[in-house]
Structures are given as structure tokens and as C-alpha cells.
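A structural walkthrough
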Amino acid sequence: MLGLLARRLAAALPTLAGVVVVTFVMTRALPGDPAAYFAGPAATREAVEEIRRQLGLDQPLWVQFGRYLADLARGDLGVSITTGQPVLSDIAQRLPASAELTLLGLLIAAGFGIPMGVAAALRPNSWVDHLCRVVATAGVSLPTFFTGLLLVYVFYYLLGWAPAPLGRLDAFSSPPPHVTGFHLIDSALAGDGETFLAAAAQLVLPALTLGIFALAPIARMTRGAMLAVMSSDFIRAARASGLAGRTIVIRYALRNALLPVVTTLGMVLSFLLGANVLVEKVFAWPGIGSYAVEALIASDYVPVQGFVMTMAALYVALNLLIDLAYQAIDPRVRIEA
Amino acid sequence: MSALSHARHVLAENPVTALSFCLFALLALAALAGPALVPYDPLASSDRALAPPSALHWFGTDNLGRDVFSRVVVATRLDLGMAFAAVALVFVTGTLAGVTAGFLGGWTDRVIGRLTDTIMAFPLFVLAMGLVAAAGNTVANVVYATAIINFPIYARVARTEANIRRDAGFVEAARLAGASTATVMLGEVLPNVLPIMMVQVSLTMGYAILNTAGLSFIGLGIRPPTAEWGIMVAEGAGYIVSGEWWIALFPGLALMLAVFTFNLMGDGLRDIVDPRRRT
Amino acid sequence: MNGTGQPPLLSIEDLSVEFGTRSGTVRALEGVGFAIARGETVGVVGESGSGKSVTAYTVMRLLDAAARVTSGRIVFGGLDLLAADEATLAEMRGRELSMIFQNPRASLNPIRRVGDQIADVLLRHANVGAREAEERAVALLAEVGIPDPSRRARAYPFELSGGMCQRVGIAIALACRPALLIADEPTTGLDVTTQATIMDLVAELGAARGMATMLITHDLGLATERCDRVVVMHAGHVVEVAETGALFSRPRHPYTARLLAATPRPGLSLSEISTIPGGLPDLRRGDLPPCRFAARCDRRTDECLTLKLPRLLEAGRQVACRHPL
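Residues numbered from 1 in each chain as written. Chains lettered and ligands numbered in written order. Predicted model: local features only at pLDDT ≥ 70, side-chain atom pairs only at ≥ 80, totals over all residues.

Here we take up the arrangement of the chains. Contact analysis covers 2 pairs of chains in contact, and the most contacts occur between chains A and B. Left apart from each other, chain B and chain C have a closest C-alpha approach of 13 Å. (Contact = placed C-beta atoms within 7 Å.)

Here's what the structure looks like:
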């Protein structure tokens, strides 16, 4: 298994290399004066020249790339003009907020999407099947930011069930002692029920928004995979053995159907990480998405670059995890590899 | 069965697809004739700010007293136009690249494959953000960025199709008749690949619309006071919590309608072109 | 139907099945009837598309949603299978009647160990605990002739050869000692040597347990080798049923005779093997004649095309022909 892990890591390296090159190219080789970007809109001409010297932007490109790599190795992603902090520490501080939100969104999407897809596949042309197909089509048609706003309008303004979309905690609660940065986990660990509920209440709508968005492809894929598996020879053979319906559906069919669903997760994650940015803006969520958006608005480009880099690295790592999960489920890949 | 009668047959069987074509016609009308037909000037503010929908203002007015209905209709041209430009661009480049890669194989295939893999290593919306931020916050750059992030899927589909047809009879015949590689590729393979790529166009139009709207929602691309669905939702977002729902809702619904139409149309076109791929 | 006076184990009577498809209704089976006695091995032979597998799946009640049974009875051990509810049927399947399939590897769950798959059936029907099911599974693997069974039980289907997969399939089917085994082309996907050993295994285990077997095959030679009686099917009809020896030496239906003449046998050269002219009729047509072989038969008369198909019964044989040989 370790050998497999090492092999997969090695395979991910060219991808990471590509990411590094692209992010470098994005800020140096594209039209415009990079020094002006990094100096910010309020900079004077002297300040821009100063930045140019400081960041070595007057050096030939390959020298700049070398510096870039060296900085990356040191974990130096530059300094943000708006916060004055190193970008890396800004991102590290805000990452848990985004991670908690995205993870919860994914759990909601899978938690509803997979059973929905299974139910739709088991009862073709029933109301469940039609619902699943409508959800799947509507889900990919809805703009995430719009869904979020709709939810806020209905559940906060009209019904008053949800709290104001003002971030991770309401005005009266304070964050729990920091262990993971995930408010739900940290408050649970500290035994602080009130904070747990407050954090959960704030999480509901944004996580639901993300969940609805990711639900569509997951439900659609599960339905398709289950339909294919249920008509396969070994399912017929299992029924010929008189195995109970539940055994057949879950132990025999679903496990096989989950394989293509797991491979879809990579694509779902790509969408989720992008949708995250939009949801964070709607709900004033203090994650890395809103960090990047705030920096963009202030024409502060270093954080944006760091953000893109971080997201890409995260995405590569998550894809690796998905790949490993697939191998854990499918013995054919594991053993034959 | 001719192509047209086949298409008509599928449409008759599938009223939903027929509906999507009607909706598309409606959107096209709004995009082309909208600015001439709307009751108010989309940029003209008035003192009737934040007025709810009424007979006078069908979709209400926004915080500057502008008529939301007029703005939504006029914005159709911009939103569809941007998405269409992006898709047209990627359709041409992606198809050519994919067909070349699939037909020639070898080194070309590897290079183009590496290119698509590198693009796909990023969460696509994030990449678009980064590209627009780096290249400059203009409409043109939003179009380019949207095209770039859709490149992999076009290249892949075109490559697969070209691969399948590479060794087909009619291709062999053309080759044997002495046609050059380029002629065979462009004259024989490409026309056969086009129908499937057209389906892809309809499917990604929806995605492109969402993308450009998403980028303008966070401030990239179109700037106020221009009427565009994404920034209209952004402008209306702040008023949701105080109950003025119409400012954000109508542009959002327009977005939904447009994307939905293209998705349905894409599914319908796919059924016409290649019924084996129905889900 | 047989001489012992005991009621048959399986009795299929006047079974008709149709399928609704996009291009019309397929009358896959019409008036199919035959019986299998306890411990008997009966072969069901016919060309592809003759309805042999459809008959088998109807007995197991495993047809897909597009299928409709329009008439008939299937009585198994006194129970009317067509009238039974799903719960009763699920009890019977795997326990009283089982099936093995044409593509052995495709009939096994690809991501589950074979030992566990056998244990699943035991846990379902045999009222044993997990531990005992595991042990019994290993024992079953040994019974079907798989060497090093305790290690093999941990294997996945893709690690086993086709022949071994079929042995596993047999182990699963026989785990609860069913009274009837339906074998749907069990050796078609295997090489010739393996075919023989698999058929030997089925025969041996069947004899040891007094189990009846329905052997479905397009290979008339195989059927005559392994079966006590043979049912010949054509285009959804049963055309002849007889004891193997009698069928072989004295076929009474023109189709059977043709089939025999078309079967390669040692001693016959290729040029001596004849073919059967024409092909199976399109079963979607509403105007099918009462005898579906008539179009290809050189003994046909006008009555064959208009009058109802007769079923002649004589001394342990059935023939569905107006002008038998």
C-alpha cells in the first residue's frame, strides 16, 4: 500500500509542477506591468519602482522563476497590502473556515444525493426518479450565489428560522478554544454546547447552498451507476440465490456503483471549491474565498495569487485522496497495480 | 429518415426538448430586440427607488430607481453575448486542438494532453478568477478566461471522436486517394466530429453563462452601472436582508432560465445526434 | 410423464410469455410445457433465440420488467411459482432451486471475495452464524474441486480462471442442497477440457444429492451425453420431448432430425454436416403460423399453417407436429 502511495504521489508531481508554472506565468508573463500590480493602485511611481527592485521584477524571467521557487519552498507567498500580513499566515488562519463549510456541504450533497440516486434507480419512472432528474437538472442550472440568496430570503427574512448571514458566529458568541479551527469540532471538544449550536446555526444555510449545488452531479451519477449495475449479470445471479433485497442493493449493487461515483467526486470538488468563493461572499464567511475577493476589490494581487496557488495545491491533494479511496474500495486496481 | 424529419420525430416524442427550443427563441428575441422594446432606459435612475413590482414597474425598481424589468431584458444581450463569445472561441480552438491530437497522436497528443491536464489541475472557477485578476479586469479577459477553463472538455471530446474516426473507412479512402494529412483531417474527420461538438456547445453555454455571472458577482468583468445579471444580483444581495427581494430575484431567475434552457437543449440535441448516450 | 408414478418435481404447463419492446410485442414463449422428475437430468436444447433461457428465467421468476406471463402454470414441489409472492420466491431461490450461468466470472460480484459470496447464501438460507458460514464455504469450495480452498476463499473473482469461477458458481448454487439446479449454458464460455470436468462435477454432485438438473444448451451433443431426457425447443415452442436414446435414434419432429443432422459427431466430415435452411421467424409478427417451424420445413402442408398445433403424446414422448417422422 505504501508503494502505491509513493507511486501516486510521484504521479502528482508533474501536476503540481504545472500548477507552479501556471501561477508564475499568470503574474509575470501576462500583459500589464507586474510591479504596478504588486504595488497596488495607490502606489506612486517611486513606490512601483521600489517594488520592482524589491521583488526582482527587473531580472530576467528565469531568474525570477528561480526566486519564485525558492520563496515557495520557504513558504513565502508574499505580503498582503490590505492586511499587512504574510499571505501564507492569512490563508492558514482563514482556511479552517472554508474547509469546515466545504466539507459540510459535501457531506450534505453526498448524504442526500447518493440515497436519492439509489432510490431513483430502484424505482424507474416513479415520482422519486422524476424528482431526482428534476433536482439534477435544476441543480446544475442554479447559480450558487442565487440559491444562497434565496435561502437567506426564505429562511432568514420570511421565516426567521435562520440567523443573519453575518459569518461564522453571531454577535453574542465567541469562538471556542482553537484546536482544529473547525468551530463544530472545537466546541464539541470543549463541551461547549451553546457555541456548538451557535456555530451550527450559522453553518446551516451556507452549507445547504453548497450542498444543493453539489447534489445534482452526485445524484445523477449515482442513479446512472446504479441503473447500470442493477442490470448486470452478477446482480441477476445474486437474486437467483435468493439474497435479501437489502443485501443485494447495498452490499452488492451500491458498492460497485460507488466506484464511478467516487471518480466523479474529483469533478464535484472542482465545482465546490469554486462555488465556495461565491457562497462566502453571500454569507460574509471569513474564509479564503472572501479573502481573495476582498483582495481583488482592493486591487491587492499578491493574496489572489497565493489563493489560486493554495486552492490548486489543495485540489491536487484532494484528488490524490480520492484516488486512494478508489483504490481502497476496488481490489482489482489495488492488487493488479 | 432525413436529418430534419428525425429531429422533428425526436422533438415530437420529447415535448420538454421542444419547450427548450421555444425558450431559446424567447431568449434570442430578448437579446436581439430587447433594448429596442423595453419600457424604460436601463440606465436611467428615477426617484421611485426600491419600489416593489407593480403595473408600472413589472419587476420593481432598484436602489437607484432604475426599472428592473428593463435592466433584466437588456442584460440578456450582454450575458448571452459574453457566454457565446467564450464558447465560440473555445469551440474553434478546442475542436481543432482535440482533432489534431486525436488524429495525429504521438507528440502532438502528449503536448495537448499535458496542456489540458494542467488546466484541469485547478478548480476551474478559481483559475478563471486568477486569470482575470492577472490579465486585467476587463470584459475581454473574462471571455478569454471562460474559454480557457472550458478548453479541456472540448479538446477531450474532439480528441476521442477523432480517435474513433481515425481508422474509419472513409478516412482510409481519402488517404489512399492521395489527400494530405491536413486535408483528410479537416475535410473528412472534422465534419464528422462537428455534430457531437455542437451538442457540447449547448451543454457548456449554460456553464459559461454561470461562469461569467459568477465572476461579475464578485466584481470581475462587467462594472456598474451596466446592466448584467451577475452584478444585478450582487447589487440586490444587500437588500435581501431588508426584504426587497425583487432586485436580486428577477436577474437570478433570468440566469436560471437561460442556463436551464441551454441544458435542456443540450440534452435534446444529444438525443437527436447520438441516442446511445441518453442518461 | 414418467414411469414412477410420483408427481414431477417441476411441471411447466402451457406457459406463454411475451415481452413489450419498442418495436412490438415479442411472443417469446407459447404453450411451453414439460416436466422434470426428482433426480432427473433434463436437457433443453435449441438454437439461440429459441426461448430456452427465457423458460429458465421464468421458472426462477427472474424476468425483467418488460416481460409478461400471459398463460400457464409452473408447479415446483407442489407450489405454483407464478402465483407465489416475492417473499416466498426469495425463500425458494438458492435453497430449493438454484441456477448457474453462462458467463461465470460476470455472475460473481467482482469486488467481493468468493468465500464471502458463498457465505452470503448460507447466511441467508441456512440459519448459521458467520463463523460457521465461513467454514462451510471453505468446505464447499473443496467439494467443487478447488485446491487450497481456505486460501482461495479469500480470492476475488478476477484472480480465478473461468473454470474456477464456474466451480464457485456451482458451490454457491449447491450450498443449500437444492432439489433442482438450472444450468444455463454453463460450459459455453469455457475451453473444451474444462467443459468436461465441469459437467462431470455437476453430474457427480447431482447424483450424490439426488438433485434434478435442467441443462440448457445449444449443443445437442452435450445434451445427449449428459441428460436422461431432452426437450427440443424452436422459436418459443417445445417441439419434442423424449428420452435421450430414443430422441437420438428415432427423432420424430422434423426439426429434431435436422438438428441431429447438423450436429458434428466424431466420424462425420464437415461436408456431411447439413444445415437447416432459413432462420428463426420474427417473433414480433402478429401473424405467426401455429407451427413456427413450418416455413423452414419440407413436410409442411396448408394445414400446418392454419390449424392449431397438435401435441401428440405417446409412451413418454411429446411431439408437436402434424406430420411427425
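Glycine aside, residues mostly have negative phi angles, and peptide bonds mostly take the trans form. In this chain, B:Pro224 is followed by B:Pro225 through a cis amide linkage whose omega measures 10°. Within the fold, B:Pro225 resides in the loop between α8 (181–217) and α9 (229–240). (Helix = DSSP H or I, 4+ residues; strand = E, 2+ residues; numbered from the N terminus.)

Another aspect to go through is the pairing of strand β6 (residues 97–100) of chain C. All names here are of chain C. Burial along β6 is two-sided: the face carrying Leu97 and Met99 and the face carrying Ser98 and Ile100 are both buried. As paired strands, β6 and strand β7 (residues 180–184) are joined by 4 bridges and run parallel to one another. Bridging across to β7, Ser98 finds its partner in Leu181. (Buried ≥ 20, exposed ≤ 12 C-beta atoms within 10 Å, placed from the backbone. Pairing = 2+ DSSP bridges.)

Right, let's get into helix α4 (residues 130–143) of chain C. All names here are of chain C. For α4, built from 14 residues, the straight-helix expectation of 20 Å at 1.5 Å per residue is met to within 8% by its first-to-last C-alpha distance of 20 Å. By the burial criterion, the buried members of α4 are Ala133, Ala137, Val138, Leu140 and Leu141. Down the axis, α4 shows its buried residues gathered within 160° of arc, on one side only. Those residues of α4 that are buried lie in contact with α3 (114–125), α5 (149–152) and α6 (162–174). At the C-terminal side of α4, Gly145 shows a positive phi close to 85°. (Expected span 1.5 Å × (residues − 1). Arc of directions from axis to C-beta.)

Below, the discussion takes up the environment of A:Phe38. All names here are of chain A. Here Phe38 lies in helix α2 (residues 34–39). Once the C-alpha coordinates of Phe38 and Leu55 are considered, the two residues, 17 residues apart in sequence, prove to be 9.0 Å apart. When sequence neighbours within four positions are dropped, the list of residues in contact with Phe38 reads Ile51, Leu55, Tyr301 and Val302.

Quick look at the pairing of strand β1 (residues 10–21) of chain C now. All names here are of chain C. Examined bridge by bridge, β1 and strand β4 (residues 67–76) share 8 bridges and lie antiparallel to one another. Residue Phe19 lies in a different strand from β4, and its bridge partner there is Ala67. With 8 bridges connecting them, β1 and strand β2 (residues 24–36) associate as antiparallel partners. By the bridge assignment, Leu15 is partnered in β2 with Val32. Here β1 folds back onto β2, and the loop between the two strands holds 2 residues.

Glancing now at the sheet that holds β6(C). Within a beta sheet, neighbouring strands are joined by backbone hydrogen bonds and run either parallel or antiparallel to one another. Residue and element names in this part refer to chain C. The strand order β6-β7-β8-β3-β9-β10-β12-β11 describes an open sheet built from 8 strands, whose pairing is mixed. Among the strands making up the open sheet, the edge pair consists of β6 and β11 (312–314). Averaged over neighbouring strand pairs, the angle between their axes works out to 20° when direction is ignored. (Axes fitted to C-alpha atoms, helices over the stretch in contact; angles between N-to-C directions.)

With that settled, the discussion passes to the interface of chain C and chain A. It is common to give the size of an interface as the accessible area lost on bringing the parts into contact. Across the contact, 25 residues belong to chain C and 17 residues belong to chain A. Of all the secondary-structure elements, those providing two or more residues to the side of chain C that touches chain A are α2 (86–92), β6 and α3 of chain C.

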